[in-house]
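Chain by chain, the residues run as shown.
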Amino acid sequence: KRLRIDDDPFGAVGDYAGSFLIKSAVELSGGYDTNPGRLPVEKGLPFWVVAPEFLAVSNWERHALVADLRGSFTGYGGNLPAIVDGAVSPAPTNIDRPNFNGHVDGRLDVTENTHLTAEARLLVSTDNPGSPNIQAGLAKYPVYASFGGTFGFDQKFNRLEISAGATVDRTVYQESTFTDGTTFSNDDRNFNQYGGVGRASYELTPGVKPFIEVEGDTRVHDLPLDFDGFARDSTGGYAKGGTSFEFSRLLTGEISVGWAARDYVDPRLGRLDGLLTAGSLVWTATPLTTARFVTSTSIDETIVPGVSGVLTHLYTVEVDHDFRRWLTAIGKFTYGTLDYQGDGRFDKIYSIEGDLIYKLTRSLWIKGTLRRDILNSNFIGSSSASTVVMLGVRVQN
């Protein structure tokens, strides 16, 4: 009997540990960033990145468990000058940054049409360079952690599917350390979020499944007032409608539009609301070319006095092309907007990236990256630009 052609002859195979398929990888990269601090005046630094990955997927007849853990650490071969009261501090800022994003998803099949679901998640990172949330004169960027879970159910009624879940999350910030040796608490940024989400979908055809989704939540900060005297506790949510679809596997994914809003306890902080877009589409144009489109919307916290929050929209288009099975080129363009509602600041971000991947074996790849990042802000002195060049290897199993 003739064997089936391998769709991905250079993809990771993984190993079985009991009933789990486990795949792991680590990327080691080095390069140069012309403006890692995203400052108005560029100052470049060399950098290195270590990025491990771990994926475990159950292979059970019933129930399911998936663990997807990804992290990275970016270290720079030098520090940036710290600005304190408009002057350069003699002690520089260390801008090394950790990042971790992981989640564990479980499904318990009570019956054929009834499932209990759960997710545990953890995000560890820092504020983005160039953000107004970054304080002046920092010795290093404070790290924050956001962790929580979702517990819910899925119920099918023939073609109708109802799902709902309760969410609990907590965000905590490390204290800030300044170049003069002093520290500053970020307890006013710590908060808990409690909420719920519900979704109803109907399978019109095997390839089209429209849905509506509603979410509501409450954010309660550890301190009733932040250090500028604003009460930042809030309630918010969103409503959106869209569809998931699969047309002969050439076009698959999900797209939706709606409206998001958030109201704050402090009457000086106005309602933050705006259009919500969310989706992820994959178009297999040819056996060698794949195009992807991803969009997301979020309402993010801020410590800028008088600003309710940040309404963030991101749109990304990516095209992958295989010149050979072992040689892949990737082009990516990202456009985003950050609306700081309350003080009139409006930022636009642009990022264009090109990657070239040479796959030596299933276990060893070589990757080169060239990226240009631009931030255009209507606030004087807040715009920046940066060029990143990087070369690395990926070892996977």
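In what follows, the structure referred to is the one given above.
Residues numbered from 1 in each chain as written. Predicted model: local features only at pLDDT ≥ 70, side-chain atom pairs only at ≥ 80, totals over all residues. Heavy atoms only, no water.

For the rest of this paragraph, the subject is the nonpolar core. In this structure, Leu 45, Phe 47, Val 49, Ala 51, Tyr 76, Leu 80, Ile 95, Leu 138, Tyr 141, Phe 178, Val 388 and Met 390 together form the largest nonpolar core, which totals 12 residues. Contributions of two or more residues to this core are made by β3 (45-58) and β23 (384-396). Examining the composition of this core, we find that 4 residues originate from one element, β3, more than from any other. Ignoring any residue separated from it by four or fewer positions in sequence, one finds Met 390 in contact with Ser 29, Gly 30, Gly 31, Phe 47, Val 49, Lys 367, Gly 368 and Thr 369. Membership of the second largest hydrophobic core comes to 9 residues, among which are Ala 260, Tyr 264, Leu 272 and Leu 276. (Core = buried A, V, L, I, M, F, W, Y, C linked by side-chain atoms within 4.5 Å. Buried < 20%, exposed > 50% of the residue type's maximum accessible area, 1.4 Å probe, protein only. Helix = DSSP H or I, 4+ residues; strand = E, 2+ residues; numbered from the N terminus. Contact = heavy atoms within 4.5 Å.)

Sheet topology note: the strand β14 (residues 208-221)/strand β15 (residues 234-247) ladder contains 12 bridges and is antiparallel. Note that in β15 the partner of Pro 210 across the bridge is Thr 243. Here 14 bridges tie β15 to strand β16 (residues 251-264), and the two strands are oriented antiparallel to one another. The residue bridging Glu 246 from the neighbouring strand is Thr 252, located in β16. In this structure, the hairpin formed by β15 and β16 is closed by a connection of 3 residues, where Ser 248 is found at a positive phi of approximately 50°. (Pairing = 2+ DSSP bridges.)

In this section: the pattern of salt bridges. This structure, assessed with the given rule, holds 25 salt bridges. The shortest N-O distance in the salt bridge between Arg 70 and Asp 68 comes to 3.1 Å. Looking at Arg 70, the relative accessible area reads 39%, which means it is partly exposed. The exposure class of Asp 68 is buried, given its relative accessible area of 16%. Between Asp 127 and Arg 189 there is a salt bridge; the shortest N-O distance is 3.1 Å. On the criterion of sequence distance, the pair formed by Asp 127 in the loop between β8 (114-126) and β9 (143-157) and Arg 189 in the loop between β12 (183-184) and β13 (191-202) is long-range, its members being 62 residues apart. Judged on exposure class, the residue Asp 127 and its partner Arg 189 are both buried. A network of salt bridges, in which partner residues are shared, links Glu 27, Glu 53, Asp 68, Arg 70 and Arg 394. (Salt bridge = Lys/Arg side-chain N within 4 Å of Asp/Glu carboxyl O.)

Turning our attention to the pairing of β3. Taken together, the 14 bridges between strand β2 (residues 20-33) and β3 define a ladder with antiparallel strand orientation. Within β3, the residue paired with Phe 20 across the bridge is Ser 58. With 9 bridges joining them, β3 and strand β4 (residues 64-76) adopt antiparallel strand pairing. The residue bridging Glu 53 from the neighbouring strand is Arg 70, located in β4. The loop that links β3 with its antiparallel partner β4 comprises 5 residues; one of these, His 63, has a positive phi angle of about 65°.

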